[in-house]
Amino acid sequence: MDKTAQPLRILLVEDNPNDAELILRELRRAHFAPEARRVDTEAEYLAALNAPAGVDLILSDYAMPHFSGLRALELRNQRRLDIPFIIISGTIGEETAVAAIRSGAADYLLKDRLARLGQAVEQALQQQQADKERKQAEETLNKLRLHHELMLNSAGEGICVIDLDGNINFINPIGAVYLGWEVVDLLGKPAHATFHHTRTDGSKSSLQESQIHESMRAGATRRITNDIFWRKDGKSFRVDYVSAPIKDKRGQVTGTIVTFKDISEQFAAEQRLKLQEQRYRLLFQTNPSPMYVYNADTLQVLAVNDAAVAQYGYSRDEFLALTLRELRPAEDVDLLEKALSITRSPGQSSGEFRHVRKDGSLLYVEIYSSPVLWDTASARIVTAIDVTERKRTEERMREQADIIERAHDAVIVRNFSDDIVTVWNNGAEHLYGWSATEAIGQPMGELIFAESDDRRAGLDQLVSAGEFHGELKHCAKDGREVIVDSRVTLIRNDDGTPRAVLGINTDITEQKKLETQLLRAQRLESIGTLASGVAHDLNNILTPILMCAEVLRGEVSNEDRQSAVALIDQSARRGANVVKQVLTFARGVEGERVVINPRHLLEEMVDIARKTFPKSIEVTARYPEELWSVEGDPTQLHQVLLNLCVNARDAMPDGGALTLAAENVDLDESYAATMPDAKVGPHVLLRVSDTGTGMPRATIDKIFDPFFTTKQIGKGTGLGLSTALGIVKSHRGFLALYSEPGRGTTFRIFLPATGIEPAAVKPTTSQLVQGNNELILVIDDEEGIRRVTTNTLEKNNYRALEAKDGPEALALFAQQMDSIQLVITDLMLPYMDGLALARALTKMKPDIAIIASTGQGEQTSMSELQSLGVKNFLSKPYDSERLLRTVHEALAGARS
């Protein structure tokens with residue numbers, strides 16, 4: 001046995017001998033020497049509790065065939081035993097564990113996590129010892145309280161306790177004798193009106209002037225000498241008294257205790273010595289600050305008070321042997337004569353100087369000097385107030401102000417009430433372009449906030465929590481958008497009301513650009529992993545189109561022709577959906593945060609997985625109809641699900657089951673406390689589960705590290721999960737992971753729910769919109785698209801002109817400019833792209849209506865097109881209904 005092991009008598013409530021041996025082995029590993037008695041019934045348990053040998057610790061299983069841990073805990077509590085009690089179980093849930101802790105259990109552990117047992121036992125024993133010491137302290141305190149009461153009642157001085165209302169709550173017998181009352185008659189009486197109502201000169205003393213009540217108002221002790229109290233018979237007597245405020249645990253004043261003694265005899269004697277002690281009273285009674293007197297001619301110190309002795313570190317005799325020169329640092333002696341030329345004037349003088357203590361340390365003092373006649377010698381009396389700490393504080397404040405000014409981050413302080421900026425450092429000037437002169441005195445909201453919603457959300461969190469940390473979009477003086485990592489703190493007054501707001505903003509605009517590039521790179525990696533599946537799906541789509549086209553070239557019946565046309569239409573629409581999904585992930589453009597229902601994300605992800613993953617992987621989805629909405633970027637959330645699904649696919653090389661699920665959860669404080677980054681409130685839980693190989697603990701600990709991957713070289717960058725984690729955190733959510741080797745992996749994504757429902761899509765009508773003989777110019781380098789577009793327009797009462805490129809379109813437009821009412825142009829044209837063509841057309845005819853068409857999902861030129869007045873867009877492929885509806889909307893917009 002280890003000689004350093006701690007002996008421990010254990011009552012082990014456990015029905016499984018093997019589990020009991022594991023527990024004892026773990027205790028020995030934790031340097032304990034357990035002496036255990038194992039029981040599994042209530043009778044055995046009670047007998048063990050009553051055994052004379054005693055028990056140091058109870059370890060109990062939660063559920064047993066004939067007994068339970070909670071019952072064992074209840075029996076211990078009934079007998080009022082202070083034996084530490086720890087539950088060890090493999091089945092206990094969080095709610096039951098919390099209930100056990102509230103009932104007095106010291107801790108609870110799971111049997112598959114016994115590594116913490118030694119620590120839990122050590123903490124339980126320490127807590128037991130702390131409880132014993134606390135009880136002993138309470139007993140000692142009670143004894144002291146009785147002792148103090150005895151002392152108060154037998155003290156030779158009057159002791160009186162006065163509450164905040166000024167009433168007497170306690171007075172000891174000698175105090176009552178001094179005042180000429182019985183103790184019981186004084187209790188509850190107003191103290192001031194009873195014995196302190198009149199001054200020594202016979203004038204009435206107000207309650208506000210009373211030093212007893214001043215000590216309660218200021219929360220500080222007041223020592224008063226040579227005052228008078230009044231007896232019951234109307235006679236006064238001289239007293240010295242101390243009024244010390246009584247404070248509760250929070251530091252709040254609840255009353256005062258007044259200790260007083262009758263000094264009537266002393267007063268008569270002191271009056272006889274008054275003239276002799278006048279100069280000393282001047283030093284020691286009128287001012288508690290350090291004071292000394294020096295000869296105005298020789299600069300020799302003539303007298304010094306106790307405060308000065310304590311402040312400078314000299315004894316009284318040493319101090320009296322000094323001159324003013326020796327109180328100054330050597331380098332300041334030459335300046336002394338200049339200062340003395342001022343102090344030799346007959347009036348008062350003051351100033352700040354450096355003095356030196358006996359130990360050589362410097363002392364900054366504020367000097368107040370007045371002339372005085374001292375033993376017939378011309379002298380000056382000096383009050384030297386120590387301002388060293390104030391000078392250091394001022395220096396620290398200057399240093400802090402300098403640090404703030406030099407900080408690269410924007411440091412801004414504004415009033416809470418009116419939003420006016422009061423501090424604007426150099427970092428804020430560089431970040432936002434506004435100088436401090438321009439910004440200070442202006443409302444914060446008018447300077448930098450680009451979006452009111454961002455500011456409103458930050459203010460709500462600031463007021464409720466006292467601080468805010470998050471990403472915000474701001475606007476610089478020149479109009480450019482700035483993205484900052486903002487850390488805001490609410491500064492309060494002493495009464496807790498908000499006074500000001502301190503904000504520290506770090507420019508992360510370039511960082512966000514790099515993150516966007518990283519997201520694009522990772523998104524392309526994900527698309528690469530799906531490439532073979534997408535190619536397979538497109539080949540399946542193109543095959544029926546080619547075959548039907550071949551059929552239509554021959555002689556077929558009308559029924560077969562309609563069937564072939566329907567199959568071509570169905571395959572084309574299916575191909576358009578595949579291309580749209582690929583573009584959504586590949587183009588890498590992050591959209592605005594919108595309110596979305598997660599079931600749409602799951603449906604699209606399931607559709608992609610079923611089309612691109614091996615058929616040996618069964619893909620299923622589960623979610624309720626009434627699923628809460630979340631606010632987020634659909635593209636980024638698509639990417640999170642795609643990354644997790646691709647990893648799940650790679651973990652099931654021989655096939656398996658992939659499940660995408662969602663549910664509504666309302667996280668409480670108990671659950672939020674167990675999960676990093678979790679917050680209380682309603683959330684939508686997205687779950688991606690597979691039945692693959694799973695991961696060991698060592699891999700799980702590193703799984704979210706950037707560039708960490710378990711795949712072979714060339715099979716992955718290791719950015720997928722770190723990117724997914726970053727996206728989830730940017731949506732104010734958090735990720736949880738559970739995995740075991742051979743049992744698959746489950747990722748849980750928690751996103752904050754929002755009460756706003758996404759806008760419903762308006763149903764479209766299948767009735768084709770007819771034209772009114774308007775002339776439309778159609779420009780596209782694909783002849784097939786031009787032909788079918790022109791034919792569709794002409795069949796629906798429009799006239800159409802065709803052009804295959806920009807120059808040809810400009811020539812036709814110049815010839816028939818007055819007749820052409822609408823232009824439909826592709827954005828990808830030879831010789832002149834669609835943007836340049838639109839720019840030229842609007843210069844020739846500013847009010848011309850233009851529809852821009854593209855097949856790449858490209859958004860980079862949309863803002864410039866909109867600035868040219870282009871408001872209608874067609875994404876390829878499009879059908880007749882969408883073409884005619886867009887044409888109708890464009891013409892209607894031009895007419896309005």
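Residues numbered from 1 in each chain as written. Predicted model: local features only at pLDDT ≥ 70, side-chain atom pairs only at ≥ 80, totals over all residues. Heavy atoms only, no water.

**Here's the deal with the overall build of the chain**
In step 1: Across its full length, the chain holds 32 helices and 32 strands.
In step 2: Residues counted as buried form 40% of the 896 residues belonging to the chain.
In step 3: In the chain, once contacts between residues fewer than 6 apart in sequence are set aside, the share between residues at least 24 apart is 58%.
In step 4: Split by element, the accessible area of the chain, about 49600 Å² in all, is 52% carbon and sulfur. (Helix = DSSP H or I, 4+ residues; strand = E, 2+ residues; numbered from the N terminus. Buried < 20%, exposed > 50% of the residue type's maximum accessible area, 1.4 Å probe, protein only. Contact = heavy atoms within 4.5 Å. Areas by Shrake-Rupley, 256 points an atom, 1.4 Å probe, with all protein chains shown as cover.)

**What to know about the sheet that holds strand 9 (residues 236-247)**
In step 1: Across the sheet, which stays open at both edges, the 5 strands sit in the order 7-6-10-9-8 with antiparallel pairing between neighbours. Strands at the two margins of the open sheet, each flanked by one partner only, are strand 7 (168-171) and strand 8 (222-230). Taking the axes of each pair of neighbouring strands and ignoring which way they run, one obtains an average angle of 30° across the sheet.
In step 2: Examined bridge by bridge, strand 6 (residues 158-163) and strand 7 share 3 bridges and lie antiparallel to one another. Along strand 7, the bridge assignment pairs cysteine 160 with isoleucine 171. (Pairing = 2+ DSSP bridges. Axes fitted to C-alpha atoms, helices over the stretch in contact; angles between N-to-C directions.)

**Observations regarding the side chain of aspartate 163**
In step 1: Relative to the elements of secondary structure, aspartate 163 occurs in strand 6.
In step 2: In this structure aspartate 163 is buried but unpaired, with arginine 217 as the nearest side chain of opposite charge at 12 Å.
In step 3: Reaching out from aspartate 163, the side chain makes a polar contact with the backbone nitrogen of asparagine 167 at a distance of 2.9 Å.
In step 4: Beyond its immediate chain neighbours, meaning those up to four positions away, aspartate 163 contacts Asn169, Met216, Thr254 and Gly255. (Lys, Arg positive; Asp, Glu negative; His and termini not counted. Salt bridge = Lys/Arg side-chain N within 4 Å of Asp/Glu carboxyl O. Polar contact = N/O pair within 3.5 Å; in protein donor to acceptor, adjacent residues only side chain to side chain.)

**Looking at the sheet that holds strand 16 (residues 410-415)**
In step 1: Pairing within the open sheet is antiparallel, and its 5 strands lie in the order 17-16-20-19-18. Edge positions in the open sheet fall to strand 17 (421-424) and strand 18 (467-475), since each of these has one partner strand only. Sheet twist, expressed as the mean angle between neighbouring strand axes with direction ignored, is 25°.
In step 2: In this structure, strand 19 (residues 481-492) lies alongside strand 20 (residues 498-507), joined through 9 bridges in antiparallel fashion. Paired with serine 486 across the two strands is asparagine 505, which belongs to strand 20.

**What to know about the packing of aromatic side chains**
In step 1: What the rule picks out here adds up to 12 aromatic pairs.
In step 2: When the ring of phenylalanine 229 is compared with that of phenylalanine 260, the centres are 5.3 Å apart and the planes differ by 65°; the resulting orientation is edge-to-face. In this pair, phenylalanine 229 is assigned in strand 8 and phenylalanine 260 in strand 10 (residues 253-262), connecting sequence segments 31 residues apart.
In step 3: Of the aromatic side chains, those joined through ring pairs into one cluster are Tyr178, Phe195, Phe229, Phe237, Tyr241 and Phe260. (Phe/Tyr/Trp six-rings, centres within 6.5 Å; stacked < 30°, edge-to-face > 60°.)

**Focus on the confidence of the model for the chain**
In step 1: Per-residue confidence for the chain gives a mean pLDDT of 80, with 80% of residues at or over 70.
In step 2: Averaged pLDDT values for the elements of the chain fall to 55 in helix 11 (residues 278-284) and rise to 93 in strand 28 (residues 775-779).
In step 3: Segment residues 712-719 is flagged for pLDDT under 50; beyond a separation of four residues in sequence, or across chains, it makes 13 contacts in the model.
In step 4: Scored below 50 in pLDDT, residues 758-765 shows 7 contacts in the model against residues more than four places distant or in partner chains. (pLDDT = per-residue confidence, 0-100.)

**So, the pairing of strand 3 (residues 57-60)**
Walk down a regular strand and you will see the side chains alternate between the two sheet faces.
In step 1: Judged by which residues are buried, strand 3 turns out to be covered on both faces: Leu57 and Leu59 on one side and Ile58 and Ser60 on the other are all buried.
In step 2: As paired elements, strand 1 (residues 6-13) and strand 3 share 4 bridges and run parallel to each other. Paired with isoleucine 10 across the strands is leucine 57, a residue of strand 3.
In step 3: In terms of strand pairing, strand 3 meets strand 4 (residues 85-89) through 3 bridges, oriented parallel. For isoleucine 58, the partnering residue across the bridge sits in strand 4 and is phenylalanine 85.
In step 4: Of the crossover connections in this fold, the one passing from strand 3 over helix 3 (residues 69-78) to the parallel strand 4 is right-handed. (Right-handed = clockwise from strand over helix to strand, strands pointing away.)

**Let's talk about a negative patch on the surface**
In step 1: Side chains of Glu94, Glu95, Asp666, Asp668 and Glu669 sit close together on the surface and give a patch of like negative charge.
In step 2: As for its placement among the helices and strands, glutamate 95 is situated in helix 4 (residues 94-102).
In step 3: Classification of glutamate 95 by relative accessible area gives exposed; the value is 72%. (Patch = residues over 30% accessible without salt bridge, like charges linked within 9 Å, V, L, I, M, F, W, Y side chains within 5 Å. Charge placed at Lys NZ, Arg CZ, Asp CG, Glu CD.)

**Here's the deal with the nonpolar core**
In step 1: One finds Leu658, Leu660 and Ile749 to be the most contacted residues of the largest nonpolar core, which totals 39 residues.
In step 2: Taken together, the elements giving at least two residues each to this core come down to helix 23 (598-612), strand 22 (617-622), helix 24 (634-650), strand 24 (656-667), strand 25 (681-690), helix 27 (720-730) and strand 27 (745-754).
In step 3: Ranked by residue count, the leading element in this core is helix 24, at 8 residues. (Core = buried A, V, L, I, M, F, W, Y, C linked by side-chain atoms within 4.5 Å.)

**Observations regarding unusual backbone geometry**
In step 1: Of note in the backbone geometry, aspartate 419 takes a positive phi value of approximately 70° without being a glycine.
In step 2: Relative to the elements of secondary structure, aspartate 419 occurs in the loop between strand 16 and strand 17.
In step 3: In this structure, tyrosine 831 is a non-glycine residue whose phi angle is positive, near 70°.

**Overview of the pattern of salt bridges**
Pairs may arise between side chains of opposite charge once their charged atoms sit close together.
In step 1: Counting across every chain of the model gives 33 salt bridges.
In step 2: One salt bridge in this structure joins arginine 9 and aspartate 56, with 2.9 Å as the shortest N-O distance. Taken together, the positions of arginine 9 in strand 1 and aspartate 56 in the loop between helix 2 (42-49) and strand 3 put the pair 47 residues apart, joining distant regions of the chain.
In step 3: A salt bridge links aspartate 386 to arginine 357, with the nearest nitrogen and oxygen atoms 3.8 Å apart. Placement of the pair is aspartate 386 in strand 15 (residues 377-386) and arginine 357 in the loop between strand 13 (349-356) and strand 14 (362-374), with a sequence separation of 29 residues.

**Describing the pairing of strand 28**
In step 1: In terms of residue burial, strand 28 counts as a mostly covered element, since 5 of its 5 residues are buried.
In step 2: The two faces of strand 28 match: Leu775, Leu777 and Ile779 on one face and Ile776 and Val778 on the other face are all buried.
In step 3: Relative to strand 29 (residues 799-803), strand 28 runs parallel, the two being bridged by 5 bridges. Each bridged residue has a counterpart across the sheet, and for isoleucine 779 the counterpart in strand 29 is alanine 803.
In step 4: Taking the sense of rotation as the criterion, the β-α-β connection linking strand 28, helix 28 (residues 783-795) and strand 29 turns out right-handed.
In step 5: Where strand 28 and strand 30 (residues 820-826) come together, 5 bridges link them in parallel fashion. From the neighbouring strand, isoleucine 776 faces strand 30, where its bridge partner is leucine 822.

**Brief notes about the packing of helix 29 (residues 806-815) against helix 30 (residues 834-844)**
In step 1: Between helix 29 and helix 30, the shortest axis-to-axis distance is 11 Å and the interhelical angle comes to 15°. When the axis of helix 29 is compared with that of helix 30, the two are roughly parallel. Crossing hand, helix 29 versus helix 30: right-handed. In contact with Gly806, Ala809, Leu810, Phe813 and Ala814 of helix 29, helix 30 contributes Leu837, Ala840, Leu841 and Met844.
In step 2: Grouping the constituent residues of the contact of helix 29 with helix 30 by class yields 8 nonpolar, 1 polar and no charged. (Parallel < 35°, antiparallel > 145°, perpendicular 65-115°, else oblique. Left-handed = near helix turned anticlockwise from the far one by under 90°. Nonpolar A, V, L, I, M, F, W, Y, C, P; charged D, E, K, R; others polar.)

**Remarks on the environment of arginine 222**
In step 1: Assignment of secondary structure puts arginine 222 in strand 8.
In step 2: Once the C-alpha coordinates of arginine 222 and proline 245 are considered, the two residues, 23 residues apart in sequence, prove to be 8.8 Å apart.
In step 3: Residue contacts for arginine 222: discarding those within four places in its chain leaves Gln211, Glu214, Ser215, Tyr241, Val242 and Ser243.

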